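Listed below are the residues making up each chain.
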Amino acid sequence: MEDMELNKKQSNTISPNVTSNVSDFITAEQGTSIETPSTSNDIQLDREQNNDDYPSHPVNEGEPKEQTYQDILGSGDLLKKIIKQGALDERPMKGEQIVINFVGRLEENDDIFEKEENFEITLGDCEVIQGVDLALSLMNVGEIAELKIASRFGYGEKGLSPKVLGGARLVYTVELVTVKPEILPDDLTPIKRLNIGLKKKDKGNWWYARNENTMALHVYRKALQYFGGPGEIVGSDSEQKDILSERVKTLNNMAAVHMSMNSLDLALSTLDSVLTVEPNNEKAIMRKGKVLALKGQNMAAARELEKALQINPNNKTVQSILSNVKAALVKERVQERELYKKMLGQKNDNIEKSAKDDKNTV
């Protein structure tokens, strides 16, 4: 949606906290260092010197020296090979905080396009590409694995400019460093709740800009957990105001995603949640009018759009939508009149036919 608050910069799909070094293992494995980028959207990465030049590691008794790839999904779209075994039975659970190191490379030419050290994410919250997220749930703490990921579980047909082209297959070296307990919003200070919620909302915006609507909705719902529910008071008046403002923005963004997916009833319900908090929210009123028009409820749509124009008479988008709605209403009235005429004409024909039948009977 053109009016949605989105960060459409094609930066790293991971949070832009790129560091200059990764773990000793991964650094040694790559055989090269990475320059610290000047911005999160301008990551200058060196090419790996040798993909197969892994350092030696102690091998557990009975462990094969050469691991083979495991086909996680059975389709060849996500392959996992253990490079270093981790602690047994210490896999993370969905919702837990985990710390990882990783290097992402192109399968085609081995170019590195992203690299992170001590990167903290919530497992299952779409904070990394789907292939990495799925594989991490099958790794033990301390494990290092190599992943081969098809584009549908990576950066898809859109790619990641400038290095990852659409449809590119990826190779990731990932280390699961540690697992931390799940972060519960009620255990956090208001400012921490706000910061985590903002991070998740921004990630939802990122997914939405890529037309990954399902991912965007998932992350928006997670953000709302930190922004509090209807009627929930979080922190002081000023803190509550900031959190409530972000909740309204997130709900508005969710409504836009529902509209993109043609889930009009869900969009209406979400917009009503916004208007319960802010009855004069111009964006929500405009979108509600548009949804009602899409549902064919043009009279109700016109009322909402006229209400939006009362708030901002210069809103060109609302003016355009309202013009179309009014044209549809005129067409509906013409069709109704034609229908009535046809019905009345049919009724007169029946009366005349009945009179003739009666006369013949006599």
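Look up: the structure comes first, before these words.
Below or above, wherever it landed, is the structure these notes cover. Small disclaimer: the values here were computed from a predicted structure and weren't measured. (Residues numbered from 1 in each chain as written. Predicted model: local features only at pLDDT ≥ 70, side-chain atom pairs only at ≥ 80, totals over all residues. Heavy atoms only, no water.)

## Description of the overall build of the chain
Where we set the bar: Helix and strand definitions here come from DSSP, where helices need a minimum of 4 consecutive H or I residues and strands a minimum of 2 consecutive E residues; each element is numbered from the N-terminal end. Burial classes: relative accessible area under 20% of the type maximum marks a residue as buried, over 50% as exposed, and values in between as partly exposed (1.4 Å probe, protein chains only). Per-residue and other accessible areas were derived by the Shrake-Rupley procedure at a 1.4 Å probe size, with only the shown protein chains allowed to occlude residues.
Helices and strands together make up the secondary structure of the chain, namely nine helices and six strands. When burial is assessed residue by residue, the chain has 44% of its 362 residues classed as buried. Put simply, the chain shows about 19,200 Å² of open surface, and 49% of that area lies on carbon and sulfur atoms.

## Brief notes about the pairing of strand E6 (residues 170-180)
Inclusion rule: DSSP calls a pair of strands paired once it identifies at least 2 bridges connecting them.
Sheet topology places strand E3 (residues 97-106) next to E6; 10 bridges connect them, and they run antiparallel. Residue pairing across strands places Ile100 opposite Leu176, the latter belonging to E6. For strand E5 (residues 144-149) and E6, the ladder comprises six bridges, and the chain directions are antiparallel. Within E6, the residue paired with Ala145 across the bridge is Val174.

## Looking at the packing of helix H3 (residues 190-209) against helix H5 (residues 237-260)
Heads up, the condition is: In this analysis an axis means a line fitted to C-alpha atoms, helices contributing only their contacting stretch, and an angle means the value between N-to-C directions, from 0 to 180 degrees. Angular relationships are summarised with four words: roughly parallel below 35 degrees, roughly antiparallel beyond 145, roughly perpendicular across 65 to 115, and oblique for the angles in between. A clockwise turn of the near helix away from the far one marks a right-handed crossing, whereas an anticlockwise turn of less than a right angle marks a left-handed crossing. The contact criterion used throughout is that any non-hydrogen atoms of two residues lie within 4.5 Å. The classification used treats Ala, Val, Leu, Ile, Met, Phe, Trp, Tyr, Cys and Pro as nonpolar, Asp, Glu, Lys and Arg as charged, and all other residues, Gly among them, as polar.
Where H3 contacts H5, the two axes come as close as 11 Å, and the packing angle between them is 20°. Relative to H5, H3 is oriented roughly parallel. Regarding H3 and H5, the two cross each other, and that crossing is left-handed. In this structure, H3 uses Pro190, Leu194, Leu198, Lys201, Asn205 and Tyr208 to contact H5, whose residues at the interface are Glu239, Asp242, Ile243, Glu246, Lys249, Thr250, Asn253, Ala256, Val257 and Ser260. Along the lines of polarity and charge, the residues of the contact of H3 with H5 split into seven nonpolar, four polar and five charged.

## Considering the sheet that holds E6
Note on sheets: strands pair through backbone hydrogen bonds, and any given pair is parallel or antiparallel. What the six strands build is an open sheet, ordered E1-E2-E5-E6-E3-E4; its pairing is antiparallel. At either margin of the open sheet sits one strand with a lone partner, and together these are strand E1 (70-71) and strand E4 (112-122). Across two bridges, the pairing between E1 and strand E2 (residues 78-84) is antiparallel. Bridge pairing links Asp71 to Leu79 in E2.

## Here we look at the environment of Glu278
Tracing the sequence through the fold places Glu278 in the loop between helix H6 (264-277) and helix H7 (282-294). Looking at Glu278, the relative accessible area reads 32%, which means it is partly exposed. In this structure the C-alpha to C-alpha distance between Glu278 and Val248, which are 30 residues apart in sequence, comes to 8.0 Å.

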